[in-house]
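One-letter residues, chain by chain:
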Amino acid sequence: PNLPAVTDATRATNLGRVTQGMAYSLLARLYLNAESFGCTPENIKFPEGCEIKIANVNDFYTNAVRCCDMVINSGSYSIESNYFDNFKILNENSRENIFVIVEDGNAKFDMRSNGSMSNKMRMIHLSLHYCHQKAYNMIEKPWNGFAARPSYMELFDGKDVRGAGIGYGADTLGTMNQKQFAWFLGPVTDDKGNILNDENKNPAYVTKEIISLSEATWNDGARFAKYEVDKTKKYDWAENDYVLMRYADVLWMKEEAILRGGQGTSGFDTPDFQKLRKRAFAYEADPAAAYAAAYPDVLTLDKICDERGREFSWECIRRRDLIRFDKFDKI
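Residues numbered from 1 in each chain as written. Predicted model: local features only at pLDDT ≥ 70, side-chain atom pairs only at ≥ 80, totals over all residues. Heavy atoms only, no water.

**Student:** In this structure, what is going on with the packing of aromatic side chains? I would like to understand it.
**Tutor:** Any two aromatic rings considered together are summarised by their centre-to-centre distance and by the angle between their planes. Tallied over the full model, the rule gives 22 aromatic pairs. Plain terms: the ring middles of Tyr 83 and Phe 84 are 5.3 Å apart, the flat faces sit at 80° to each other, and that makes the pair edge-to-face. Residue classification places Tyr 83 among the buried residues on the basis of a relative accessible area of 1%. With a centroid separation of 6.2 Å and an interplanar angle of 45°, the aromatic rings of Tyr 227 and Tyr 242 are classed as tilted. Remark: Tyr 242 occurs in strand β6 (residues 242-246) and Tyr 227 occurs in the loop between β5 (223-224) and β6; sequence separation between them is 15 residues. One exposure class covers both Tyr 227 and Tyr 242, and it is buried. An aromatic cluster is defined as three or more aromatic residues linked by ring pairs; in this entry it consists of Tyr 83, Phe 84, Phe 87, Phe 146, Tyr 152, Phe 156, Trp 183, Phe 224, Tyr 227, Tyr 242 and Trp 314. We note Lys 179 situated over the ring of Tyr 283; from NZ or CZ to the ring centre the distance is 5.6 Å. (Phe/Tyr/Trp six-rings, centres within 6.5 Å; stacked < 30°, edge-to-face > 60°. Buried < 20%, exposed > 50% of the residue type's maximum accessible area, 1.4 Å probe, protein only. Helix = DSSP H or I, 4+ residues; strand = E, 2+ residues; numbered from the N terminus. Lys NZ or Arg CZ within 6 Å of the ring centre and 35° of its normal.)

**Student:** Please explain the pairing of β6 as it appears in this structure.
**Tutor:** A regular strand places its side chains so that they alternate between the two faces of the sheet. The element β6 is largely enclosed, with a buried count of four among its five residues. As paired strands, strand β1 (residues 97-101) and β6 are joined by four bridges and run antiparallel to one another. Its bridge partner being in β6, Val 100 is matched across the sheet by Val 243. (Pairing = 2+ DSSP bridges.)

**Student:** Just to check I follow, could you spell out the environment of Thr 10 for this structure?
**Tutor:** Considering the arrangement of structural elements, one finds Thr 10 in the segment before α1 (20-32). In this structure Thr 10 comes out as partly exposed when scored by relative accessible area, which is 26%. At 2.9 Å, the side chain of Thr 10 forms a polar contact with the backbone nitrogen of Thr 7. (Polar contact = N/O pair within 3.5 Å; in protein donor to acceptor, adjacent residues only side chain to side chain.)

**Student:** Just checking my understanding: could you explain the packing of helix α7 (residues 247-259) against helix α10 (residues 301-311) for this structure?
**Tutor:** Relative orientation and spacing of two packed helices are given, respectively, by the angle between their axes and the distance between those axes. Look at α7 against α10: their axes get within 11 Å of each other, and the N-to-C directions meet at 170°. Viewed along their axes, α7 and α10 adopt a mutual orientation that is roughly antiparallel. Every residue of α10 that contacts α7 at Ala 248, Asp 249, Trp 252, Met 253, Glu 255, Glu 256 and Leu 259 is listed here: Leu 301, Ile 304, Glu 307, Arg 308 and Glu 311. Residues of the contact of α7 with α10, tallied by class, amount to six nonpolar, no polar and six charged. (Axes fitted to C-alpha atoms, helices over the stretch in contact; angles between N-to-C directions. Parallel < 35°, antiparallel > 145°, perpendicular 65-115°, else oblique. Contact = heavy atoms within 4.5 Å. Nonpolar A, V, L, I, M, F, W, Y, C, P; charged D, E, K, R; others polar.)

**Student:** Teacher, can you tell me more about helix α8 (residues 271-278) here?
**Tutor:** Given 3.6 residues per helical turn, the α-helix brings residues three or four places apart onto the same face. Within α8, the full set of buried residues consists of Asp 272, Phe 273, Leu 276 and Arg 277. Along the long axis of α8, the arc covered by the buried residues comes to 135°, so they all point the same way. Looking at the buried side of α8, the elements it contacts are α7, α9 (287-294) and α10. (Arc of directions from axis to C-beta.)

**Student:** Help me out: how do you make sense of the pattern of salt bridges in this one?
**Tutor:** Opposite charge on two side chains permits them to pair, given that their charged atoms come into close proximity. This structure, assessed with the given rule, holds 26 salt bridges. Across the pair Arg 324 and Asp 321 runs a salt bridge whose closest N-O atoms are separated by 2.9 Å. One end of the pair is Arg 324 and the other is Asp 321, both in helix α11 (residues 318-324) and three residues apart, which spans about a single turn. When sorted by exposure, Arg 324 lands in the same class as Asp 321, which is buried. A single network of salt bridges, built from pairs that share partners, joins Glu 96, Asp 160, Arg 162, Lys 226, Arg 246, Arg 279, Glu 307, Arg 310, Glu 311 and Glu 315. (Salt bridge = Lys/Arg side-chain N within 4 Å of Asp/Glu carboxyl O.)

**Student:** Explain the state of the cysteines here, please?
**Tutor:** One covalent bond between the sulfur atoms of two cysteine residues makes up a disulfide. Scanning the model with the defined rule gives zero disulfides in all. Of all cysteine sulfurs in the structure, the one in Cys 50 sits closest to Cys 39, which takes part in no disulfide; the separation is 14 Å. Summary of cysteine pairing: Cys 68 is not part of a disulfide, and the nearest cysteine sulfur, belonging to Cys 67, is at 7.2 Å. (Disulfide = S-S within 2.5 Å.)

**Student:** Honestly, the environment of Lys 201 in this entry has me stumped. Any pointers?
**Tutor:** Along the chain, Lys 201 turns up in the loop between β3 (186-187) and β4 (205-206). It is 59 Å that separates the C-alpha atoms of Lys 201 and Asn 58, two residues lying 143 residues apart in sequence.

**Student:** Even after reading the chapter, I still don't get the side chain of His 125, so can you show me in this structure?
**Tutor:** When you line up the elements, His 125 lands in helix α3 (residues 123-127). Among residues more than four places away in sequence, those in contact with His 125 are Met 138, Glu 140, Pro 142, Trp 143, Asn 144, Asp 236, Trp 237 and Ala 238.

**Student:** Honestly, the nonpolar core in this entry has me stumped. Any pointers?
**Tutor:** Side chains of a nonpolar character, in soluble globular proteins, are inclined to be buried together. In this structure, Ile 98, Met 153, Trp 183, Tyr 247 and Trp 252 are the most contacted members of the largest nonpolar core, which totals 77 residues. Aside from chain neighbours lying at most four places away, what touches Ile 98 is Gly 21, Met 22, Ser 25, Val 71, Tyr 77, Met 245, Arg 246, Tyr 247 and Val 250. (Core = buried A, V, L, I, M, F, W, Y, C linked by side-chain atoms within 4.5 Å.)

**Student:** Where do I start with the packing of helix α2 (residues 58-72) against α7 in this structure?
**Tutor:** Running from N to C, α2 and α7 point in directions that differ by 150°, and their axes come no closer than 9 Å. Taken together, the axis directions place α2 and α7 in an arrangement best described as roughly antiparallel. Seen along the crossing, α2 lies across α7 with a hand that is left-handed. Contacts from Tyr 61, Ala 64, Val 65, Cys 68, Asp 69, Val 71 and Ile 72 of α2 reach α7 at Tyr 247, Val 250, Leu 251, Met 253, Lys 254, Ala 257 and Ile 258. Partitioning the contact of α2 with α7 into residue classes produces 12 nonpolar, no polar and two charged. (Left-handed = near helix turned anticlockwise from the far one by under 90°.)

Distances and angles like these do not, on their own, reveal function.
What follows is the structure, encoded as structure tokens:
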């Protein structure tokens, strides 16, 4: 209660700071993961005078619901109509982002000082192909590093904007594609549509397949693209604030906690949750119907695990999710 509650008037002031919304979101995560952490009603110790009691495992999930409801009922947050608004270069106005790492796209690295500002949200540069530097007019050359496992890309319907847009031919249009998707596949081209060659004179054409961990080529594996890339050479690195907690996570945590035995009322049909689903198929004439057809019966634990994988790619929660769903060593 002593932490600030975010309002539209204080949103900028509290950017990157711990707030009531962040604290309750974190508590919800802890309660939701309690069983997978090895917590039981018997080994939980509460401080003297604490009102929270865990009499059985369902109480973990009821408390997760309670914490989610604190965030939901605060009125501080809402779902953005456009998924990518949360990851824009200037994403500080997102009403969905609860907690971010504030970035400075022109920060200089200084390894001598732990307190120096250095840019951490370099996912864009760490993942994109070397040739994206020329294609996107970037100052720094990407590292052509992190890529998605092919099995992960299979989670996406081809027309889901959170995927690679295969249903719209994004895997053949590449950088000439006019639609925005969260993963990149296809040719890396110049502004005339000519495929660029890497320094080995091989065409840059990113594919979903990865030959192997030891023999992968420079083109293997879908590249992370949901953060907006600066194509104006204004920033050396990424000005986008790095998202660690979003309101969308709170909505999905609540539904999962209820399915696991927590007491509460589902919010699956509320306007925010409807907007959350529809925006995933923003290019379709009927986004709600497209989502329902692509991901039927999503309110089951296995399907929620898949949906969380689609919605929260590289937001630092997938490992814990897979452990909680007992899939960490099976996928």
